[in-house]
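Fold and geometry: a report
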Amino acid sequence: MNDTPEASSPTPADQAPPASPAKKEKKEDSFPVFLIKLVLVVAIFRSFIFSPFNIPSESMLPRLENGDYLLAAKWPYGYSSYSLPFSAPLLPKRILASQPERGDIAIFKAPPGNDVDYIKRVIGLPGDTVQMIDGVLHLNGQAVPKVKVDDFVIPVTPNTDCISPEFVVTEADGRQSCHYPQFRETLPGGKSYNVLDLGQRDADTTVPVVVPEGQLFLMGDNRDNSMDSRFPAMEGGGIGLVPQENLVGRATIMMWSTDGSANWFLPWTWFTAARWSRIGGTF
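Below you will find a few notes about this structure. Since the model is a prediction, treat every value here as computed from it, not as a measurement. (Residues numbered from 1 in each chain as written. Predicted model: local features only at pLDDT ≥ 70, side-chain atom pairs only at ≥ 80, totals over all residues. Heavy atoms only, no water.)

Turning our attention to unusual backbone geometry. Outside of glycine, negative phi angles account for most residues, and trans bonds account for most peptide bonds. Between L61 and the following residue, P62, the backbone shows a cis peptide bond with an omega angle of 10 degrees. For P62, the position within the fold is in the loop between β1 (50-54) and β2 (68-73). Of note, the phi angle at N114 is positive, near 55 degrees, even though the residue is not glycine. On the secondary structure map, N114 appears in the loop between β3 (105-109) and β4 (117-124). Residue N114 is classed as partly exposed on the basis of its relative accessible area of 24%. A positive phi is found at N140, a non-glycine position, where the angle reads about 55 degrees. (Helix = DSSP H or I, 4+ residues; strand = E, 2+ residues; numbered from the N terminus. Buried < 20%, exposed > 50% of the residue type's maximum accessible area, 1.4 Å probe, protein only.)

In structure tokens, the structure reads:
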């Protein structure tokens, strides 16, 4: 008997599989199409999720400093045409509307022009009576607790200059800084934040104002250096009562802060000018 296996004809499993047709290569988008898609994604993100804003003044000291860059959440108050890039008139009215809470830091289009972004703190809601008496905020006839705390100290930099010489202090290292009287204010409901009170000013005592339905009373934390709802709405001046339709978003997170000393042609100054301790703070 021959133990050597007989040669057998190839089975289908031994045969090479037939070549499959080559896959059609995916056609890449052209650069103009890619650019259009990118613009759409950014527009949607900025309109409905987050949008960046910078702080160009000191009206919200001590919480916000000139040179801060923050992200505002767009969904908390709903959406209107003011939520869209260039305030495009695509939404006839605010949708998914929600009323702010007292103490929120809100970004809005400032009356009367409704074309410039402002940022202030929400103080009075519809139905509230708001009044300042000798520098103390009153809501619905009750004084809002205001407690003296340590002075707010901020170095003099290209982005910061003291409002008047009386607040200038030369530190031990020879540098100058601004020392402002600071107070802790607590709204009904428990929201607390710090405000500055620079002394007796005309706006320290105002007439009582009842906030109508659909409007808000907004104030800056730097009470003596803020043109807000205590003043009539006028271009470059006060803002009066602000319609809720003008809301753009709520301050959410600090993404960058600079003291203004950076030079675009000296890259290392981009880092030395940063206020690192402020970056990442929430509201």
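With that settled, the discussion passes to a nonpolar patch on the surface. Nonpolar side chains collect at one region of the surface, where Y69, M255, W256, W264, F265, L266, W268, W270, F271 and W276 lie side by side and expose about 1200 Å² of accessible area between them. Sorting the residues of the nonpolar patch by element identifies β15 (247-257) and α2 (269-272) as the ones contributing at least two each. Looking at the secondary structure, you find W268 in the loop between β15 and α2. Taking the relative accessible area as the measure of exposure, W268 reaches 56% and is therefore exposed. (Patch = residues over 30% accessible without salt bridge, like charges linked within 9 Å, V, L, I, M, F, W, Y side chains within 5 Å. Areas by Shrake-Rupley, 256 points an atom, 1.4 Å probe, with all protein chains shown as cover. Salt bridge = Lys/Arg side-chain N within 4 Å of Asp/Glu carboxyl O.)

Another aspect to go through is the pairing of β3. It is a general feature of regular strands that their side chains alternate between the two faces of the sheet. Of all five residues that make up β3, five are buried, and the element is covered over most of its length. Side chains I105, I107 and K109 of β3 all project onto a buried face; the interleaved residues A106 and F108 project onto the opposite face, where all are buried too. For β3 and β4, the ladder comprises five bridges, and the chain directions are antiparallel. Counterpart to F108 in the pairing with β4 is Y118. Bridge analysis of β3 against β15 gives three bridges, and the strand direction is antiparallel. Across the sheet, residue A106 finds its bridge partner in β15, namely R250. (Pairing = 2+ DSSP bridges.)

Below, the discussion takes up the side chain of S83. Summarising the element assignment, S83 is placed in the loop between β2 and β3. We classify S83 as buried; its relative accessible area is 2%. Discounting residues that sit within four places of it in the chain, S83 has contacts with R46, S47, K74, G78, L247 and V248. (Contact = heavy atoms within 4.5 Å.)

Our next topic: the pattern of salt bridges. Using the criterion set out here, one finds 12 salt bridges in the structure. Measuring nitrogen to oxygen at the nearest pair gives 3.6 Å for the salt bridge that ties R275 to D68. Placement of the pair is R275 in the segment after α2 and D68 in strand β2, with a sequence separation of 207 residues. In this pair, the class of R275 matches that of D68, namely buried. Where R230 meets D228, a salt bridge forms, and the shortest distance between an N and an O atom there is 2.9 Å.

All told, the structure shown has six aromatic pairs when counted by the stated rule. A ring pair is formed by F108 and Y118, whose centres lie 6.2 Å apart and whose planes are at 55 degrees; its orientation type is tilted. Linking F108 in strand β3 with Y118 in strand β4, this pair joins segments that are 10 residues apart in sequence. Under the relative-accessibility criterion, F108 is labelled buried at 0%. (Phe/Tyr/Trp six-rings, centres within 6.5 Å; stacked < 30°, edge-to-face > 60°.)

Linking two cysteines covalently via their sulfur atoms produces the bond known as a disulfide. Scanning the model with the defined rule gives one disulfide in all. Disulfide partner of C162: C178, at an S-S distance of 2.1 Å. The chirality of the disulfide connecting C162 with C178 is left-handed, given an S-S dihedral of about -105 degrees. Separated by 16 residues along the polypeptide, C162 in the loop between β8 (146-155) and β9 (168-170) and C178 in strand β10 (residues 176-186) bring together distant segments of the chain. The buried category is assigned to C162, whose relative accessible area is 11%. Assessed through its relative accessible area of 0%, C178 is described here as buried. (Disulfide = S-S within 2.5 Å.)

Now for the sheet that holds strand β6 (residues 136-139). The sheet built from four strands is open, its strands ordered β7-β6-β5-β12 with antiparallel pairing. Edge positions in the open sheet fall to β7 (142-143) and β12 (209-210), since each of these has one partner strand only. Note that β6 and β7 share two bridges and pair antiparallel. The partner of H138 across the bridge, within β7, is A143.

Next up on the list: the pairing of strand β5 (residues 129-133). Because side chains alternate across β5, one face comprises the buried residues V130 and M132, and the other comprises T129, Q131 and I133, none of which is buried. As defined by bridge partners, β5 adjoins β12 across two bridges and the pair is classed as antiparallel. Across the sheet, V130 pairs through a bridge with V209, a residue of β12. In sequence, β5 turns back onto β6 through a hairpin of two residues, with D134 there showing a positive phi of about 50 degrees.

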